[in-house]
Number of protein chains: 2
Amino acid sequence: MSVTAPKGFTAAGVAAGIKESGGPDLALVVNGGPSRAAAGVFTANRVKAAPVVWSEQVLKGGRVSAVVLNSGGANACTGPRGFQDTHATAERAAEALGHSAGEVAVASTGLIGTLLPMDKLLPGVQQAAEALSAHGGEKAAIAIKTTDTVHKTAVREGTGGWTVGGMAKGAGMLAPGLATMLVVLTTDADLDSAALDSALRSATRTTFDRIDSDGCMSTNDTVLLLASGAAGTVPDEAEFTEAVRAVCDDLGQQLIRDAEGASKDIRIEVTGALTEEEAVTVGRTVARSNLLKCALHGEDPNWGRVLSAIGTTDATFDPDRLSVAVNGVWVCRDGSFGEDRDLVDMRYREVRITADLAAGDAGAVIWTNDLTADYVHENSAYSS
Amino acid sequence: MSVTAPKGFTAAGVAAGIKESGGPDLALVVNGGPSRAAAGVFTANRVKAAPVVWSEQVLKGGRVSAVVLNSGGANACTGPRGFQDTHATAERAAEALGHSAGEVAVASTGLIGTLLPMDKLLPGVQQAAEALSAHGGEKAAIAIKTTDTVHKTAVREGTGGWTVGGMAKGAGMLAPGLATMLVVLTTDADLDSAALDSALRSATRTTFDRIDSDGCMSTNDTVLLLASGAAGTVPDEAEFTEAVRAVCDDLGQQLIRDAEGASKDIRIEVTGALTEEEAVTVGRTVARSNLLKCALHGEDPNWGRVLSAIGTTDATFDPDRLSVAVNGVWVCRDGSFGEDRDLVDMRYREVRITADLAAGDAGAVIWTNDLTADYVHENSAYSS
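Residues numbered from 1 in each chain as written. Chains lettered and ligands numbered in written order. Predicted model: local features only at pLDDT ≥ 70, side-chain atom pairs only at ≥ 80, totals over all residues. Heavy atoms only, no water.

As recorded in an unreviewed UniProt entry, chain A goes by Arginine biosynthesis bifunctional protein ArgJ and comes from Streptomyces boncukensis. UniProt's Sequence similarities (unreviewed entry) comment on chain A is quoted here verbatim: "Belongs to the ArgJ family." As its UniProt record puts it under Function (unreviewed entry), chain A is described as follows: "Catalyzes two activities which are involved in the cyclic version of arginine biosynthesis: the synthesis of N-acetylglutamate from glutamate and acetyl-CoA as the acetyl donor, and of ornithine by transacetylation between N(2)-acetylornithine and glutamate." (UniProt positions renumbered as here; feature names shortened; annotations may be inferred.)

Structure below.
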């Protein structure tokens, strides 16, 4: 059900002809109200795609009536013409739906540096508007896929009859401050944009912001949360935030499990940190060690590569007190070898690394993937 | 001729049995004087191998009579026992040579987290001491190889009869603040340790510190510069520094060309930066983009991945003024597409990327490699 699980939303996914494959490549999500409050978080990359620049402006108004999303082209690094194209896309959707363009968000994903085929995209918007359905959530989720092998949706229900639904795309270039990730979350709970913003930032901080598949940050990351108020319920703030977090966490896990070419999902838990921030820094640095990612691909519990990554950070620790467990076996104790590494069972897809800094009580979990020949292949061939 | 090109030095390389392959794995370089002034730079990793901790102490005295280097084991993360082993190695060399252990530097490379087989290493030191020769430079360079496919040496001669020679090993884990790199430089010029230190830091700052094969910093990086004074010449400081820089640059280029699994050597030149420091930051960030490294492996001049990497830095630039050339073709101008990417000839091993920040007059060059299936294979299988 995806984004159409909450009441008040319709969606569609169509093949507009943007992708050369002829597959679905344009999605439309429409908030039928009565409320149109919204919040969004966007890439921290300073090189921002045109649709990100546009949608950040839209979100400043706190209201979103519709979201147009396309795969098949990122519309990033496309200059003034690219921005005009995004604007025209919002205008066409607004016209078809009878809304204001200033309330239409746009999100794009695909290759950087090429203009979108507007002669195909604009008729696609019209086609999607005509195909809108209260059961269109799955089709929308399918239309935003790029190298994703599966479409990603999640739903949670709250006390008193409200629901949070969501869809996501992203299969590589996942990194801090989000990922090449387009996410639309919807709810029929009744909250204003400030409450939505607070819930969304709280939720993404410990979910999407802590998956880091390949250390590369996209120009197009967009996560939107739209509220229709159609359930007529004002939810408990904490319960609502937790529901949004749960949907984000669910979608984030789906992203990691579908990361390009990956054969392992790697959970890096940092414990004993002085602060949560230091734990995140250490976790992210370990997650970005190509040498570690290769070793884990080879099912080698090479803890030396964990320590050598930790050693490049400025987090608080004493090198002689660092300990590392791989899948529960403490192969490194106090900066030196510990239990026998042959005890580590590496056969499963999930690998759990625990790094204890022995410096405090804070911790954090970062998810990443292994580095594989398939990743290299997929990303060598992407644009050619 | 390597480290024995300058007068006053002898060297040897032997098979001590540390490596399971039975290949050469222990090198000894001896400074016969009359001077024994020396300088060293070491890894910035906070997790330092025992030989790094030891040799940093030795270098504080500014004198080095001999260097023992072994491949087949890093002696990193090996606790107090590992440090005792390094100490014992220096003691054994000192005994064999009639020097003080406090003037014997030790360097190790190989797998982290395992103790060295001292029953083989110590007799190996004795064996190497007996094999010392004024023609032993090549053998020493061969004995320090790990996954290197070739041994690396370089020599430069100065005005007035002095020489700088050097050897290096390192084929992966090359990163900032050096690399898994062991380097011994020698000279028969007559300089005190302060002058050597100044020349060495100046030289490494723009050579070894600017090659970044895979973003991973080692626990064992060591670069030593030993002066015998045997040429009886006090060189011009600028000329000497330039000779040391040239030897470091030559060795650094050999390291990049032999990087694990690489099929491309990538020269990233950042121009138009506000400061050299910002240029280095941008260059290093671009050098670490796995997505870019994969694209270049696939001979795809994917400049969007250059811009998305630059956008993650806090360097001074306007995203709409960034320009990027690949092999001389300005595929990106002012933040958008420029010349036709089909004009870029990607057939050669060397790829030249120029990123113009249009923010000032400073610049820097960083070298890296592409990311290949062979890199993944080599680093998945390394310890198993």
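Having seen the structure, we can now continue with the description.
Draft legend 1. Expanded view of the overall build of chain A. Assigned secondary structure in chain A consists of 10 helices and 15 strands. For chain A, the C-alpha radius of gyration of 21 Å lies close to 21 Å, the compact-globule estimate for 384 residues. Based on the C-alpha atoms only, the size of chain A along its principal axes is roughly 65 × 50 × 35 Å. Out of the 384 residues in chain A, the part that is buried amounts to 62%. Looking at chain A alone, contacts between residues at least 24 apart form 79% of all its contacts between residues at least 6 apart. Surface exposure of chain A reaches about 12,800 Å², of which carbon and sulfur atoms provide 48%. When the 32 basic and 49 acidic side-chain charges of chain A are each reduced to a single mean position, those positions are 3 Å apart. (Helix = DSSP H or I, 4+ residues; strand = E, 2+ residues; numbered from the N terminus. Rg over C-alpha atoms; globule rule 2.2 N^0.38 Å. Buried < 20%, exposed > 50% of the residue type's maximum accessible area, 1.4 Å probe, protein only. Contact = heavy atoms within 4.5 Å. Areas by Shrake-Rupley, 256 points an atom, 1.4 Å probe, with all protein chains shown as cover. Lys, Arg positive; Asp, Glu negative; His and termini not counted. Charge placed at Lys NZ, Arg CZ, Asp CG, Glu CD.)

Draft legend 2. Representation of the pairing of strand E10 (residues 265-273) of chain B. Residues and elements named next belong to chain B. The buried fraction of E10 amounts to seven of the nine residues, a majority that puts the element mostly inside the structure. Bridge analysis of E10 against strand E14 (residues 350-356) gives seven bridges, and the strand direction is parallel. Residue Ile-268 lies in a different strand from E14, and its bridge partner there is Ile-353. As paired strands, E10 and strand E15 (residues 362-369) are joined by seven bridges and run antiparallel to one another. Counterpart to Glu-269 in the pairing with E15 is Val-365. (Pairing = 2+ DSSP bridges.)

Draft legend 3. Inspection of helix H6 (residues 237-257) of chain B at higher detail. Between its first and last C-alpha atoms H6(B) spans 30 Å; for 21 residues at 1.5 Å apiece the expected length is 30 Å, and the two agree. A distance of 3.3 Å separates the backbone nitrogen of B:Ala238 from a side-chain oxygen at the start of H6(B), and that oxygen is part of B:Asp236. (Expected span 1.5 Å × (residues − 1). Polar contact = N/O pair within 3.5 Å; in protein donor to acceptor, adjacent residues only side chain to side chain.)

Draft legend 4. Seen up close, the relation of the copies chain A and chain B. Each copy superposes on the other: chain A lies on chain B with an RMSD of 0.0 Å after a rotation of 180° and an axial shift of 0.0 Å. Here the two chains are linked by the operation of a two-fold rotation axis. Minimal C-alpha separation from the rotation axis in chain A is found for A:Ala373, amounting to 2.1 Å. Looking at chain A, 100% of its interface residues are interface residues in chain B too, so the copies touch through the same face. (Least-squares fit on C-alpha atoms with pLDDT ≥ 70 in both.)

Draft legend 5. Representation of the layout of surface pockets within the structure. For the largest pocket, the calculated volume is near 1,200 Å³. If you trace the largest pocket, you find 44 residues lining it, with A:Gly215, A:Thr285, A:Arg288, B:Thr285 and B:Arg288 closest to the centre. Of all the secondary structure elements, the ones that give two or more residues to the lining of the largest pocket are helix H7 (276-287), helix H8 (290-297) and helix H9 (303-310) of chain A together with helix H7 (276-287), helix H8 (290-297) and helix H9 (303-310) of chain B. When residues in the lining of the largest pocket are grouped by element, the largest group, five residues, is from H7(A). Partitioned by chemical class, the residues of the lining of the largest pocket number 15 nonpolar, 18 polar and 11 charged. (1 Å grid on protein atoms, 1.4 Å probe; cavity = no way out; pocket = protein on both sides within 12 Å on 5 of 7 lines; lining within 4 Å. Points joined across faces, edges and corners; volume = space filled by probe spheres on them. Nonpolar A, V, L, I, M, F, W, Y, C, P; charged D, E, K, R; others polar.)

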